[in-house]
Amino acid sequence: VNTVDFQMKSRKEELEEVSVIGTIKETVRSESPIVTDIYDKKYFDKSPGPSIIDLMDRMNGVRAQVNCNVCGTGDIHINGLEGPYTLIVLDGIPVMGGLSSVYGLSGIPSFLLDKIEVTKGPASSVYGSEAVAGVIHAFTKRANKNPEIHFQNFTTSQGEVNTDLGFNVLAGK
């Protein structure tokens with residue numbers, strides 16, 4: 001009888017998360033000088049919401065606040081600082097400065113998102129005076145990653161209904 005002894009060594013090999021928010025260029029998250037939380041598809045599946053602003057309300061240290069119940073506008077607070085001190089960036093482009101969370105974020109459906117990076121704390125040295133509370137950088141999916149037709153429907157316990165319908169058409173290269 002021949003016996004063979006094996007010694008198993010565990011190896012953990014994963015790709016490092018890449019952050020763009022800390023240095024305005026792609027950097028391995030562990031090497032970034034600024035701590036950045038990255039929320040991706042796994043998070044969106046665990047905590048679904050109809051829009052970007054609804055997803056923000058479930059992140060630590062980030063709070064979406066409705067300021068007007070009539071028109072539904074609001075802002076996003078990071079670590080208790082008011083909305084104008086939070087910089088919102090969509091695919092590398094700042095979204096309307098200090099009023100970015102007031103206009104438009106509730107109109108961007110969550111199924112268009114690839115990931116969201118959140119940096120809490122002052123990033124004003126990199127991004128300017130609008131990033132005193134922090135930066136929220138949302139990345140949308142590339143067109144080839146979206147399904148051809150997407151239907152999303154949310155209903156709240158208060159009877160609010162939010163329905164989004166999207167379709168993807170390839171129009172040239």
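Residues numbered from 1 in each chain as written. Predicted model: local features only at pLDDT ≥ 70, side-chain atom pairs only at ≥ 80, totals over all residues. Heavy atoms only, no water.

Undergrad: A description of a nonpolar patch on the surface should follow, citing residues and the corresponding values.
TA: A surface patch of nonpolar side chains, about 640 Å² in accessible area, is lined by Ile-149, Phe-151, Leu-165, Phe-167 and Val-169. Those elements giving two or more residues to the nonpolar patch turn out to be β10 (149-155) and β11 (161-167). (Patch = residues over 30% accessible without salt bridge, like charges linked within 9 Å, V, L, I, M, F, W, Y side chains within 5 Å. Areas by Shrake-Rupley, 256 points an atom, 1.4 Å probe, with all protein chains shown as cover. Salt bridge = Lys/Arg side-chain N within 4 Å of Asp/Glu carboxyl O. Helix = DSSP H or I, 4+ residues; strand = E, 2+ residues; numbered from the N terminus.)

Undergrad: Run through the nonpolar core, naming residues and quoting values.
TA: Within the largest apolar cluster, 21 residues are counted, with the highest numbers of intra-cluster contacts made by Met-56, Met-59, Val-62, Ile-76, Ile-116 and Ile-136. Of all the secondary structure elements, the ones that give two or more residues to this core are α1 (41-46), α2 (52-56), β5 (74-78), β8 (113-120) and β9 (134-140). Per-element tally for this core: the top contributor is α2, with four residues. Not counting residues within four places of it along the chain, the set of residues in contact with Met-59 comprises Tyr-39, Tyr-43, Ile-116 and Val-118. (Core = buried A, V, L, I, M, F, W, Y, C linked by side-chain atoms within 4.5 Å. Buried < 20%, exposed > 50% of the residue type's maximum accessible area, 1.4 Å probe, protein only. Contact = heavy atoms within 4.5 Å.)

Undergrad: Quick rundown of the side chain of His-77? Include the residues and the values.
TA: Mapped onto the elements, His-77 comes out in strand β5. Here His-77 falls in the buried class, since its relative accessible area comes to 3%. Setting aside its immediate chain neighbours within four residues, His-77 contacts Gly-61, Val-62, Arg-63, Gln-65, Glu-82, Gly-83 and Thr-86.

Undergrad: Please set out the confidence of the model for the protein chain residue by residue, giving values where relevant.
TA: Put simply, the protein chain has an average pLDDT of 76, and 76% of its residues get 70 or more. Averaged pLDDT values for the elements of the protein chain fall to 64 in strand β1 (residues 18-19) and rise to 87 in β8. (pLDDT = per-residue confidence, 0-100.)

Undergrad: Explain the packing of aromatic side chains to me, and be specific about the residues and the numbers.
TA: Counted by the stated rule, this structure contains two aromatic pairs. Ring plane angle 70 degrees and centroid distance 6.1 Å describe the contact between Tyr-43 and Phe-44, whose orientation is recorded as edge-to-face. Its relative accessible area of 16% is what places Tyr-43 among the buried residues. Taken together, the ring pairs in this structure connect Tyr-39, Tyr-43 and Phe-44 into an aromatic cluster. Across from the ring centre of Phe-139, 5.0 Å away, lies the NZ or CZ of Lys-115, which sits over that ring. (Phe/Tyr/Trp six-rings, centres within 6.5 Å; stacked < 30°, edge-to-face > 60°. Lys NZ or Arg CZ within 6 Å of the ring centre and 35° of its normal.)

Undergrad: Go over the pattern of salt bridges with me, naming the residues and quoting the values.
TA: The full count for this structure, using the stated rule, is three salt bridges. One salt bridge connects Asp-45 with Lys-41, and the closest N-O pair in it is separated by 3.1 Å. Of the two residues, Asp-45 and Lys-41 are both situated in helix α1; the distance of four residues between them amounts to about one turn of the helix. We note that Asp-45, like Lys-41, is exposed. Measuring nitrogen to oxygen at the nearest pair gives 3.1 Å for the salt bridge that ties Glu-117 to Lys-115. Take Glu-117 and Lys-115: they sit in the same class, and that class is buried.

Undergrad: Lay out unusual backbone geometry in plain terms, naming residues and giving numbers.
TA: The phi torsion at Asn-79 lies on the positive side, around 50 degrees, for a residue other than glycine. Structurally, Asn-79 can be placed in the loop between β5 and β6 (86-90). The phi dihedral of Asp-91 is positive, around 50 degrees, even though this residue is not glycine. With respect to the helices and strands, the residue Asp-91 is situated in the loop between β6 and β7 (93-94).

Undergrad: A description of the sheet that holds β6 should follow, citing residues and the corresponding values.
TA: The mixed open sheet is built from five strands, whose spatial order is β3-β8-β9-β6-β7. Each having just a single partner strand, β3 (37-39) and β7 make up the two edges of the open sheet. In terms of strand pairing, β8 meets β9 through seven bridges, oriented antiparallel. In the strand pairing of β9, Leu-113 is matched with Thr-140. (Pairing = 2+ DSSP bridges.)

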